[in-house]
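Examining the three-dimensional arrangement
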Amino acid sequence: MKGSLQQYLKQKIDNMSWRATDASPNRLERVMAWGGASGSVSHVYRPSTVAELRRIFETARANNLTVGFRGSGNSYGDAALNHENILINFQRMNRILEWNPETGVIRVEPGVTLKQLWEYVLGDGWWPPVVTGTMRITMGGGAAMNVHGKNAWKLGPIGDHIIEFDLLLPSGQILTCSRQENEELFHAAIGGFGMLGSFTALTLQMRRVYSGLLHVDAVASRNLGDMMSYFERHLDDSDYLVGWIDSFARGRSLGRGELHRAVYLAPGEDLEPQHTLQLAEQKIPETIMGVFPKLWLPFFMRPFYNDAGWRLVCWAKFMAARLKDGYDGISYRQPHAHFHFLLDAIPFKRAYGPGGIIQYQVFIPVQRTHETLTRLLEMGHEHGTPNYLSVLKRHRSDPFLMTHGLDGYSLAMDFHINEGNRARIRQLAREMDEVVLDAGGRFYFAKDSTLRPDVVRRYLGQETIQRFCALKAQTDPEGIIETNLWRRLFA
Ligand SMILES: Cc1cc2nc3c(=O)[nH]c(=O)nc-3n(C[C@H](O)[C@H](O)[C@H](O)COP(=O)(O)OP(=O)(O)OC[C@H]3O[C@@H](n4cnc5c(N)ncnc54)[C@H](O)[C@@H]3O)c2cc1C
């Protein structure tokens, strides 16, 4: 399917040239969603200044085109795509503007990546308060989705650590937004999936660290109940918590898996902080157990990317956790980057196969989590469409208008798409939507590929959507800013 999707997009480019007056035909590019299950053709611009950005809006207006934004394109679905229209890629607006190593306050352009950010501040004894499972995201893309990390129940999403930002409107006006100034827009543009304007600068508060290492516990857990009770027991004495679930396990083992818990080292615990805070100490290993290159992993894993093969992989991973960690757990020290971004060293996408993947991430209130996640995992089995990677995190609620956060848990599930299961997975997602809505749950646009407008209305509420649309009518009265996701869910 990927071959034919790519061919279809190439044909589109040939047929679209006629529309590309001032929007210059040589800017036409195929742009894929991170999951590889959808893609678009767009006029792609890569501005490096605000002045260029303003000119792109003028070009869009003159050519009757809409404008969508893209950071590093790490959203799994169509949030950073704008088919047959303009797509602004922010990767060239990637300068660190100000840094105060005394206070940990940093001001950056929106295309600065999380990798740039942590590498810049670590040597001074700081670390970003919220980091995602990949360090490739940009700060603009992270703010637009209000991303969370493995400490979401404790420090909330990235928006809770943004002090201020500049938002460029399609009119060319720049509004500075903070908790004191343009406060409503501040809480709506963070998590507003780029629909209210473009971030051109963001000011963030970093978090003090006294070592380049974390204290980590790894522990096997027998089932979902076991895993959740570990989370609840350790909410107060942990800085990070994350669970991997073997989604093939059933019955009394349903939800079994492996947990990782991490705690910052207190001042004095690391005897050589000047050494462990060096970038060289954070370098992610390129081999497994010092021997097997991670680059080769997708090639060797490819034969296992089917239900029977992946069941075996999950079983082996769980058994390894049971042997290595045991139910009582083991402890070790690990560099921050290893703990957070180990997967970045593995080119997983090469192993996905031609259909790509869809991630379905749900957020469930704590009182309803156990029964709801149990049901969702069972539904995957009943439909014959188990997911290949399930990750559990704990969250808290936050003050952002279009938030996905709540006091509860999220489960992110990766479904591998092929011609045989595409329709079944879409049907499964529809049925799971109802279970999530019934539990008072929420969804996340950064991961979404399957939601429909009525589901979004039901979980966000009509009033919230009206407030958001009223703000959009103020900041973008001509409706220039759009993405595929916006048209799918709100247009
Ligand atoms: C392997 C992997 C692991 C991940 N782990 C996590 C995780 O742990 N937690 C989590 O929350 N998410 C996670 N994500 C999702 C990812 O963090 C979000 O999709 C994030 O928004 C991607 O940032 P990006 O720079 O790639 O933005 P893109 O995906 O390119 O864009 C995201 C949104 O931001 C908008 N946007 C981009 N730049 C701007 C700008 N300058 N101004 C206004 N709007 C803009 C776009 O229009 C789009 O709506 C993960 C994704 C991957 C691929």
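Quick summary incoming for the structure in this document. Model, not experiment: these values are computed from the prediction.

The rules behind the values
Residues numbered from 1 in each chain as written. Predicted model: local features only at pLDDT ≥ 70, side-chain atom pairs only at ≥ 80, totals over all residues. Heavy atoms only, no water. Helix = DSSP H or I, 4+ residues; strand = E, 2+ residues; numbered from the N terminus. Expected span 1.5 Å × (residues − 1). Contact = heavy atoms within 4.5 Å. Patch = residues over 30% accessible without salt bridge, like charges linked within 9 Å, V, L, I, M, F, W, Y side chains within 5 Å. Areas by Shrake-Rupley, 256 points an atom, 1.4 Å probe, with all protein chains shown as cover. Salt bridge = Lys/Arg side-chain N within 4 Å of Asp/Glu carboxyl O. 1 Å grid on protein atoms, 1.4 Å probe; cavity = no way out; pocket = protein on both sides within 12 Å on 5 of 7 lines; lining within 4 Å. Points joined across faces, edges and corners; volume = space filled by probe spheres on them. Nonpolar A, V, L, I, M, F, W, Y, C, P; charged D, E, K, R; others polar. Buried < 20%, exposed > 50% of the residue type's maximum accessible area, 1.4 Å probe, protein only. Lys, Arg positive; Asp, Glu negative; His and termini not counted. Polar contact = N/O pair within 3.5 Å; in protein donor to acceptor, adjacent residues only side chain to side chain. Disulfide = S-S within 2.5 Å. Phe/Tyr/Trp six-rings, centres within 6.5 Å; stacked < 30°, edge-to-face > 60°. Lys NZ or Arg CZ within 6 Å of the ring centre and 35° of its normal. Pairing = 2+ DSSP bridges. Axes fitted to C-alpha atoms, helices over the stretch in contact; angles between N-to-C directions. Arc of directions from axis to C-beta. Near = heavy atom within 4 Å.

Right, let's get into helix 2 (residues 50-62). The terminal C-alpha atoms of helix 2 lie 19 Å apart, and with 13 residues this matches the ideal 18 Å at 1.5 Å per residue to within 8%. Buried residues along helix 2 sit against strand 2 (39-45), strand 3 (67-70), strand 4 (86-89), strand 8 (162-168) and strand 10 (198-205). Looking one or two residues past helix 2, N64 carries a phi angle of roughly 55°, positive in sign.

Further remarks concern a nonpolar patch on the surface. Taken together, the side chains of L295, W296, F299 and F300 define a hydrophobic patch exposed on the protein surface, amounting to about 500 Å² of accessible area. Within the secondary structure, F300 sits in helix 10 (residues 297-301).

With that settled, the discussion passes to empty space enclosed by the protein. Taken as a whole, this structure holds six cavities of 30 Å³ or more when the rule is applied. As a volume, the largest cavity reaches approximately 70 Å³. If you trace the largest cavity, you find it lined by A144, M145, G191, F193, M402, T403, H404, F443, Y444, F445 and Y459. For the lining of the largest cavity, a count of residues per class yields eight nonpolar, three polar and no charged.

Positionally, K294 belongs in the loop between strand 16 (292-293) and helix 10. It turns out K294 is buried and unbridged, and the closest side chain with the opposite charge, E286, is 9.0 Å from it. A polar contact is formed between the side chain of K294 and the backbone oxygen of P285, at a distance of 3.0 Å.

Here we take up the environment of A189. Among the structural elements, A189 can be located in helix 6 (residues 183-189). For A189, a relative accessible area of 5% corresponds to the buried category. Residue contacts for A189: discarding those within four places in its chain leaves A143, A144, F165, L167, L196 and F199.

So, about the state of the cysteines. Each disulfide consists of a covalent bond between the sulfur atoms of two cysteine residues. On inspection of all chains with the given rule, the structure shows zero disulfides. The thiol of C177 is not disulfide-bonded; the next cysteine sulfur, from C469, is found 18 Å away. According to the relative accessible area criterion, C177 is buried, its value standing at 0%.

Considering all chains together, one arrives at 28 aromatic pairs under this definition. Between F69 and F90, the ring centres sit 5.6 Å apart and the planes meet at 65°, which makes this aromatic pair edge-to-face. With F69 in strand 3 and F90 in the loop between strand 4 and strand 5 (96-100), the pair connects residues that are 21 residues apart, well separated along the chain. The two residues F69 and F90 agree in class, both being buried. An angle of 40° between the planes, with centres 6.1 Å apart, marks the rings of F248 and Y388 as tilted. Residue F248 is found in the loop between strand 13 (240-245) and strand 14 (257-264), and its partner Y388 is found in the loop between helix 13 (369-382) and strand 19 (389-395); the two are separated by 140 residues along the sequence. Exposure class is identical for F248 and Y388. Each is buried. Here a set of aromatic residues connected by ring pairs shows up, and it is made of F193, F445, F468, W486 and F490. Directly above the aromatic system of Y45 lies the positively charged group of R27, at a separation of 4.0 Å from the ring centroid. Over the face of the ring belonging to W244 we find K317, whose NZ or CZ atom lies 4.7 Å from the ring centre.

With that settled, the discussion passes to the sheet that holds strand 13. The strands that make up a sheet are held in pairs by hydrogen bonds between backbone atoms, and each pair lies either parallel or antiparallel. Taken together, eight strands build an open sheet; the order of strands is 17-12-14-13-19-20-18-21 and the sheet is antiparallel. Strands at the two margins of the open sheet, each flanked by one partner only, are strand 17 (330-335) and strand 21 (442-443). Sheet topology places strand 13 next to strand 14; six bridges connect them, and they run antiparallel. Opposite I245, over in strand 14, you have G257 as the bridge partner. Strand contacts of helix 11 (residues 307-324): strand 12 (213-221), strand 13, strand 14 and strand 17, with the helix running at about 50° to strand 14, the strand carrying the most contacts. Sheet strands touched by helix 14 (residues 422-438): strand 18 (357-365), strand 20 (408-416) and strand 21. Its angle to strand 18, the strand with the most contacts, is close to 10°.

This part covers the pattern of salt bridges. Under the criterion given, the structure shown has 33 salt bridges. Note that E258 is salt-bridged to K317, the shortest N-O span being 3.4 Å. Note that E258 is positioned in strand 14 and K317 in helix 11, a separation of 59 residues in sequence. A relative accessible area of 5% means that E258 is categorised as buried. On the basis of relative accessibility, which here comes to 35%, the residue K317 falls in the partly exposed class. Between K472 and D476 there is a salt bridge whose closest N-O contact spans 2.7 Å.

Moving on to helix 16 (residues 462-475). Given a rise of 1.5 Å per residue, 14 residues ought to cover 20 Å, and the 20 Å separating the end C-alpha atoms of helix 16 matches this to within 8%. Every buried residue belonging to helix 16 is among T464, I465, F468, L471, K472 and T475, and all of these are buried. Summarising the axial view, the buried residues of helix 16 lie within an arc of 125°, below the 170-degree limit, and thus occupy one face. Turned more than 90 degrees away from the buried face of helix 16, the exposed residues are E463 and Q474. Buried residues along helix 16 sit in contact with helix 6, helix 15 (453-460) and helix 17 (484-489).

Quick look at the site of the ligand now. Within the structure, the ligand sits among 33 residues, and F69, G71, S75, T138 and Y444 are positioned closest to it. The contact in question runs from an oxygen atom of the ligand to an N or O atom on the backbone of A79, over 3.1 Å. Measuring from a nitrogen atom of the ligand, one finds a backbone N or O atom of F199 at 3.0 Å. For the ligand, whose accessible area on its own is 970 Å², the fraction buried by protein is 96%. Secondary-structure elements contributing two or more residues to the shell around the ligand are strand 3, helix 4 (139-145) and strand 10. Per-element accounting of the shell around the ligand gives the leading share, four residues, to helix 4. Across the shell around the ligand, the residue classes break down as 15 nonpolar, 15 polar and three charged.

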